[in-house]
Amino acid sequence: MSYIKMIYIFVVLLLCAIQLKGTVKRDIDLSALYMGISEDRLPKEIIPLSYEIQIEPNIEEQTFCGYVKINLRWIADLKKIVLHAHFDLILKDDKIKLNQIKRDFGNHTVFENITILRSGRIPRKSIYVLHLKELVKKDSECILEIPFEGNILETSDGLFRGYYTNSTTLDQELYLATNLKPNNARRIFPCFDEPGLKVPFTVSIARPKDLKTIFNTPLLRTIQHPFLNNYMLDYFVKTPPMPTFTFGFVVSKLQRLNIDPINKTYSLPSPTINIWSNKFDTDSKEIHEKVVLIYKTINAYFNLTIPLSKIDVLAIPDLPTANSIGVWGILTLRETELLKKGYLVLARELVNQWIGSWITPEWWSEANLNKALTSFLAAEFVMTIDGGVEFNGKYPMTILYSLYYELSKRYPHSRITGMKQETESFKTELVFRMLNLTLGKVTFQNGLRKFILKYKYKTYIGEDLWAVLSNQAIRDGTLDSHFNISYIAKSWINQNRLPLISVNRDYYKRTAIIKQKVYLRERPHDVPEKEKMLWWIPILISRPDTLSLSNYTSNVWMNRTKQINIANLPDKNQFIIINKEEIGPFPVNYDQQNWNMLSNFLQTAKGRSAIPTYTRAKLLHDAWNLAYAGELSFATAFNMTLFMKYERNHIVWSPVFTFIDHFGRYIDMSEVHTKFEQYTTTLLTPLYEELGPESENEEHWKTEMRKLAKTFLCRAGYQPCIAAGQKSFEMWINKSDTNFDRIPKEYICPVFKWGSMEEWKFGLKHVSQFPKSRLRSERTFLLKMLVGCPSDHEKINHLLELVLLGASSNFTENDILLILNALSGGSVGYTSLLKFVFKHWTFIQERFQNKTNLWDKLISSATGMFATKEGYIMVKDFYDHHYGEFGSAQHIMEKSLRNIKEEAQWSDRNLPVIERWLETFLSKTTNKQ
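First things first, this report covers the structure right here in the doc. (Residues numbered from 1 in each chain as written. Predicted model: local features only at pLDDT ≥ 70, side-chain atom pairs only at ≥ 80, totals over all residues. Heavy atoms only, no water.)

In this section: the overall build of the protein. Check the secondary structure of the protein and you find 28 helices and 31 strands. Relative to the compact-globule value of 30 Å for 929 residues, the protein shows a C-alpha radius of gyration of 33 Å, a close match. Oriented by its inertia axes, the alpha-carbon framework of the protein measures out at about 105 × 75 × 60 Å. In the protein, which comprises 929 residues, the share counted as buried stands at 56%. Total accessible area on the protein stands at roughly 40,500 Å², and carbon and sulfur atoms take up 51% of it. The positive charge centre, built from 115 side chains, and the negative charge centre, built from 99, are 3 Å apart in the protein. (Helix = DSSP H or I, 4+ residues; strand = E, 2+ residues; numbered from the N terminus. Rg over C-alpha atoms; globule rule 2.2 N^0.38 Å. Buried < 20%, exposed > 50% of the residue type's maximum accessible area, 1.4 Å probe, protein only. Areas by Shrake-Rupley, 256 points an atom, 1.4 Å probe, with all protein chains shown as cover. Lys, Arg positive; Asp, Glu negative; His and termini not counted. Charge placed at Lys NZ, Arg CZ, Asp CG, Glu CD.)

Strand order in the open sheet formed by four strands is β29-β25-β24-β31, and the pairing between neighbours is mixed. Among the strands making up the open sheet, the edge pair consists of β29 (563-566) and β31 (588-590). Strand-to-strand twist in this sheet, taken as the mean axis angle between neighbours without regard to direction, amounts to 20°. Across four bridges, strand β25 (residues 511-518) lies against β29 in antiparallel orientation. Within the sheet, the bridge partner assigned to A512 lies in β29 and is I566. Packing of helix α13 (residues 613-628) onto the sheet brings it into contact with β24 (499-506) and β31, and relative to β31 it is tilted by some 80°. (Pairing = 2+ DSSP bridges. Axes fitted to C-alpha atoms, helices over the stretch in contact; angles between N-to-C directions. Contact = heavy atoms within 4.5 Å.)

In this fold, R608 is placed in helix α12 (residues 605-610). For the buried R608, no salt bridge is present, and the opposite-charge side chain at shortest range is E647, 5.4 Å distant. Filtering out sequence-adjacent residues up to four positions away, R608 remains in contact with F601, L602, Q603, R616, F643, Y646 and E647. (Salt bridge = Lys/Arg side-chain N within 4 Å of Asp/Glu carboxyl O.)

Each neighbour pair has its own omega, and for K181 with P182 the value is -5°, a cis peptide bond. Its location among the elements puts P182 in the loop between β11 (172-179) and β12 (201-208). That bond from R523 to P524 is cis: its omega, -10°, falls within 30 degrees of zero. Relative to the helices and strands, P524 is located in the loop between β25 and β26 (536-539). Even without being glycine, R124 reaches a positive phi, approximately 65°. Of note, N697 is a non-glycine position whose phi angle comes to about 60°, a positive value.

Right, let's get into the pattern of salt bridges. What the rule picks out here adds up to 41 salt bridges. With a shortest N-O distance of 3.8 Å, D94 and K95 are connected by a salt bridge. With a relative accessible area of 30%, K95 lands in the partly exposed category. Where D622 meets K618, a salt bridge forms, and the shortest distance between an N and an O atom there is 2.7 Å. One end of the pair is D622 and the other is K618, both in helix α13 and four residues apart, which spans about a single turn. Across the pair, exposure class does not vary: D622 and K618 are buried alike. Several salt bridges converge on common partners, so that one network encompasses R41, K44, E194 and E362.

Quick look at the state of the cysteines now. Across all of its chains, the model carries two disulfides by this definition. Between the sulfur atoms of C714 and its disulfide mate C721 the distance is 1.4 Å. Looking along the S-S bond of the C714-C721 disulfide, the torsion reads about 85°, which is the right-handed sense. Relative accessible area serves as the criterion here: at 0%, C714 is assigned to the buried category. With a relative accessible area of 5%, C721 lands in the buried category. No disulfide involves C142; its sulfur sits 19 Å from the nearest other cysteine sulfur, which is in C191. Taking relative accessible area as the criterion, C142 reaches 0% and is therefore assigned buried. Note on C191: no disulfide assigned, nearest cysteine sulfur contributed by C65 at a separation of 17 Å. (Disulfide = S-S within 2.5 Å.)

Turning to the sheet that holds strand β8 (residues 127-136), a few remarks are in order. The three strands lie next to each other as β3-β8-β7, forming an open sheet whose pairing is antiparallel. In this open sheet, the two strands that pair with only one neighbour each are β3 (78-84) and β7 (116-121). Going across the sheet, the axis of each strand differs from the next one's by a mean of 20°, ignoring polarity. Two elements, β3 and β8, share six bridges in a ladder whose sense is antiparallel. In the sheet register, I81 faces β8, and the bridge partner there is L130.

The next thing to look at is helix α27 (residues 869-881). Three or four residues apart is the spacing at which side chains of an α-helix point the same way, because the helix has 3.6 residues per turn. With 13 residues, α27 extends 18 Å between its outermost C-alpha atoms, agreeing within 8% with the 18 Å of an ideal straight helix rising 1.5 Å per residue. Listed in full, the buried residues belonging to α27 are G871, V875, F878 and Y879. The buried residues of α27 occupy one face: seen down the axis, they fall within an arc of 100°. Across α27 from its buried face, at more than 90 degrees, point the exposed residues E870, I873 and H881. (Expected span 1.5 Å × (residues − 1). Arc of directions from axis to C-beta.)

Across the interface, helix α22 (residues 793-804) lies against helix α23 (residues 813-823) with an axial gap of 12 Å and an inter-helix angle of 155°. What the angle tells us is that α22 and α23 run roughly antiparallel. Two packed elements cross with a definite hand, and for α22 against α23 that hand is left-handed. Contact with α22, carried on its side by I796, L799, L800 and V803, involves I816, I819 and L823 of α23 and no other residues of that element. Among the residues making up the contact of α22 with α23, the classes are represented as seven nonpolar, no polar and no charged. (Parallel < 35°, antiparallel > 145°, perpendicular 65-115°, else oblique. Left-handed = near helix turned anticlockwise from the far one by under 90°. Nonpolar A, V, L, I, M, F, W, Y, C, P; charged D, E, K, R; others polar.)

For S542, the position within the fold is in strand β27 (residues 541-542). Look at S542 and you get buried, because its relative accessible area is 3%.

On inspection of all chains with the given rule, the structure shows 59 aromatic pairs. Geometrically, the ring pair formed by Y879 and F886 is stacked, given 6.0 Å between the ring centres and 10° between the ring planes. Judged by its relative accessible area of 10%, Y879 falls in the buried class. Looking at F886, the relative accessible area reads 0%, which means it is buried. When the ring of W917 is compared with that of F921, the centres are 5.2 Å apart and the planes differ by 10°; the resulting orientation is stacked. Of this pair, W917 and F921 both sit in helix α28 (residues 890-928), four residues apart, which is roughly one turn of the helix. Note that R41 overlies the ring of W363, its terminal NZ or CZ placed 3.8 Å from the centroid. Just above the ring of Y628 sits the side chain of R523; from NZ or CZ to the centre is 4.7 Å. (Phe/Tyr/Trp six-rings, centres within 6.5 Å; stacked < 30°, edge-to-face > 60°. Lys NZ or Arg CZ within 6 Å of the ring centre and 35° of its normal.)

So, in structure tokens, the structure goes:
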């Protein structure tokens, strides 16, 4: 280290030691000189080559200070430097230095100072600009030195602090940690805070003597802090090239578990895996074994060892906000997450060491792709390790069914950005699953290995990944040489919808016409430009003699065409299945004859054993949702449930419970509903009785299925359930301690639905006088049951008098919103509400119309859920009587009328079909009994 450099560092250290004891003030933003600079991307005329950073946290003052030296290269002639610095980060303008690196005649490195004329932030942006006196030429290199100060936060952004209880002393222990994703490095030090810029870091961090610091790389050396007696200064090994968001450290009293590193027993070079914890017991060793197993599984898949000498896994008892924070070489997780059974969370964080840190998305637009890929791979590794026990058989069905539901709406997400991003990530994850199966697992695996090898230490965009996978698949012969995975993947990722495939067979020619269109479940189906939406869809055809084969390579691809013809199908007595095991995220409709053959086959023991589990679930799910969407007869959909009296697999039952719930609510107002409840009871009773009473240590799926069966039987009026519920309720009423958790929650709704007015009023009294010592979530649950379960209007009217006419002061505005929402869940609720509002219009309008949020919700709940001609007449009468009086809810009334008219037409077409099928089914069931 040069003498000048030592002097500079010591001066900065001295300033830190002094300034950390003072208060932190903001820099003053400069004027609109810099408004032209984009917050999204920094100019590319200057790039960083490396960082040298020293950070000095002052735990007592909850501040930090330090300095950063950035080695910069000019890509073009430029007279200013633009970089990131958060508003809360103070930069000492008068101490910023810029020196150009030059060579003298003896080829020695010399530094020439460049004058900084002025500097400051762009208003409302976390961008800092330094204007230089002279132009710096292209290919020049300079060292920029900036002292800085900031605040240690309480929330998990930037550099934050938290607390946990020491398991030995029971004292409160403080720790510091970083969370720099996605762009919070600028909160800690001035930098080029973009994921595409990967450079090495040389870092030193100060800490109190009784704490330890864990950084991305191993500790190199430690010295006594030159100015603070109770502080040490740790120097760390230089990092490999990495983006700013993977920079991270933790300062704490956590202790390291002493276990032999895995590279002593593992044949390949590998990092040492360290477990840091508040306490050491058998759990800590199990965590270490779990991490080692996951690491070995990932490393074997990629056959590429990440260039890390260590991976530190930190179990923090009370990590705020985030469950886990993974950076290059460090996995920081909430202790409860680490102690959970299963491997998924750890697998996802470890995969990120390969894809996310070693190779990195070039920009945040690719972050969704990276997240989806690592999530898919983590699920694959979990399946490899133990068959995915923690998924309970529901992966990927849970996310797939939620996608089917959300993306078939007229307006998906309704402007909820966070939900939209999550949905897009799930969809992309399923695209990776589809490619893995259709290209072949070996091809996909080899393609990813080559992808990592090509882009290690570098950044990538989506096209880079698609190109490597395409080349591998064409080389392996699993993809036609004229195809391109980029086209395939983008047709799914770039469209906020999913396709529906329809298959119409010509049984004499043994051919079929396959068509694709947008899958729309929610009416009306008037989505703009839906005719232009087309996908690349793998068409994998299974027949009775190929059901057991595990080959998922596609027979043919629909390459963004509306229709294709296929030949060489089986004869007229054999069904076909397309998209077995949900290879791709799309439902499939068939002609009537094919559906009939599938239904009959599933009612045989041979059929149920031959058709795989996910495929049986898919056939049920598709049939019901296609019927609801108007694409299939409800008689056919009901026929597809006939085999369920023999079915006992919880995965196949999962969509059945969903359709019972959704469809039951939908037809709640019609006369068909009573027959549907009888059908539900007939369907579920054998399952519930066969499951029997709960036993100790039984499998989770069995407990869950029993609970669901019991819940829906209770709702449908299953007499043993009602009797048991009323018995429990009577015990609750007669207890001096009226905590309602004494009654099983599945009994609450049936008692409020089928029980007496006195029982219902007892629950209402309990809500009104709810003890402050109890959890508010318990009151919320009880209130939802009181409002959403009753099957008679008297109970609802009594509640509405208290809530809407102001007879009770025990209900807040949030309570009223919750009540209105619950009322819209059943016909008794929303019909009673509409009649009540109609009757007391003047008073209710005067009380609520100026409270726009409440008023709009009130009108929406009272009018938005009707689905019959009778319902349309009721709402239209209400609208005509008070035309022009709805204020902000005028558009809600008009929307309700349009939707009800559409739903009434659907009801006119389908309810008679449903009623005839149910009557036939129930008569056969009665005759058998």
